[in-house]
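Coordinate inspection notes
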Amino acid sequence: MEFLVRAHAALSHFPIALLVISFGATLLGRFRPRLRIDTFLAMAGGLGVGLFSVATGIVVHEPYEHLPIISEIQVHQFAALGGTFALVVLAVFRFLSRRKGEDLEGRAWYPLAAAVGLVWILFVGATGGDLVYEHGINVSGVNPLQVDNGH
């Protein structure tokens with residue numbers, strides 16, 4: 001279980017970074033269409049690692065299932081599951097459209113969809129960060145900034 005806890009913490013940062021890069025490249029791709037392959041690769045990479053992150057998150061939340069904190073964990077979990085499902089659907093449609101010789105990214109609505117995805121991934125990251133930094137979920141060791149040693 002400890003390995004999965006560490007894996008979730010390590011993996012969860014990659015989808016955030018790759019999807020932020022994909023969004024930035026989507027905006028730049030409006031002016032430089034050659035970047036569209038980069039946005040697709042960043043999105044696919046973020047989705048691939050995101051699937052592992054979601055899977056490890058589902059497993060590591062189990063010990064908290066009967067504690068009051070579970071309601072906050074579920075906000076993070078359901079946001080991650082819902083957003084990942086939406087991203088899978090978008091990636092499949094984008095992959096199929098690319099095979100037909102067109103890319104959904106060229107559509108006028110795509111930057112808006114990418115912006116919604118960006119807000120989603122930032123929300124998922126913020127709720128995960130809140131679980132760690134505000135509630136101490138899966139944190140071990142001592143943080144000298146939080147220890148009252150009489151000073």
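These numbers come from a predicted model, not from an experiment. (Residues numbered from 1 in each chain as written. Predicted model: local features only at pLDDT ≥ 70, side-chain atom pairs only at ≥ 80, totals over all residues. Heavy atoms only, no water.)

**Here's the deal with the packing of aromatic side chains**
Think of a pair of aromatic rings as described by two things: how far the centres are apart, and how the planes are tilted against each other in angle. Formally: Only Phe, Tyr and Trp rings are paired, with Trp represented by its six-membered ring, and only when their centres lie within 6.5 Å; those with planes under 30 degrees apart are stacked, over 60 edge-to-face, the remainder tilted.
Here the structure, examined in full by the defined rule, presents 1 aromatic pair. Ring centres of W109 and Y110 lie 6.0 Å apart, and the angle between their planes is 55 degrees; this geometry places the pair in the tilted category.

**Section: helix 1 (residues 2-11)**
Selection rule: Under the scheme applied here, a residue whose accessible area is under 20% of the maximum for its type counts as buried, over 50% as exposed, and between as partly exposed, the area being computed with a 1.4 Å probe on protein chains only. Secondary structure elements are taken from DSSP: a helix is a run of H or I of four residues or more, a strand is a run of E of two residues or more, and numbering for both begins at the N terminus. The directions from the helix axis to the C-beta atoms form the arc being described. Contacts: residue pairs with any heavy atoms within 4.5 Å of one another.
Listed as buried for helix 1 are V5, A7 and H8. Viewed along the axis of helix 1, the buried residues span an arc of 165 degrees, placing them on a single side of the element. With respect to the buried face of helix 1, the exposed residues turned more than 90 degrees away are F3 and R6. At its buried positions, helix 1 is contacted by helix 3 (36-60) and helix 4 (70-99).

**Here we look at the nonpolar core**
Defined as follows: What we call a nonpolar core is a set of buried Ala, Val, Leu, Ile, Met, Phe, Trp, Tyr and Cys residues that are connected through their side-chain atoms within 4.5 Å.
Counting residues in hydrophobic clusters, the biggest one holds 18 residues, and the most contacted among them are L19, M43 and Y110. Among the secondary structure elements, those contributing two or more residues to this core are helix 2 (13-29), helix 3, helix 4 and helix 5 (110-133). Looking at this core element by element, the count peaks at 6 residues for helix 5. If near-sequence neighbours (up to four positions away) are discounted, L19 is found in contact with M43, G46, L87, W120 and I121.

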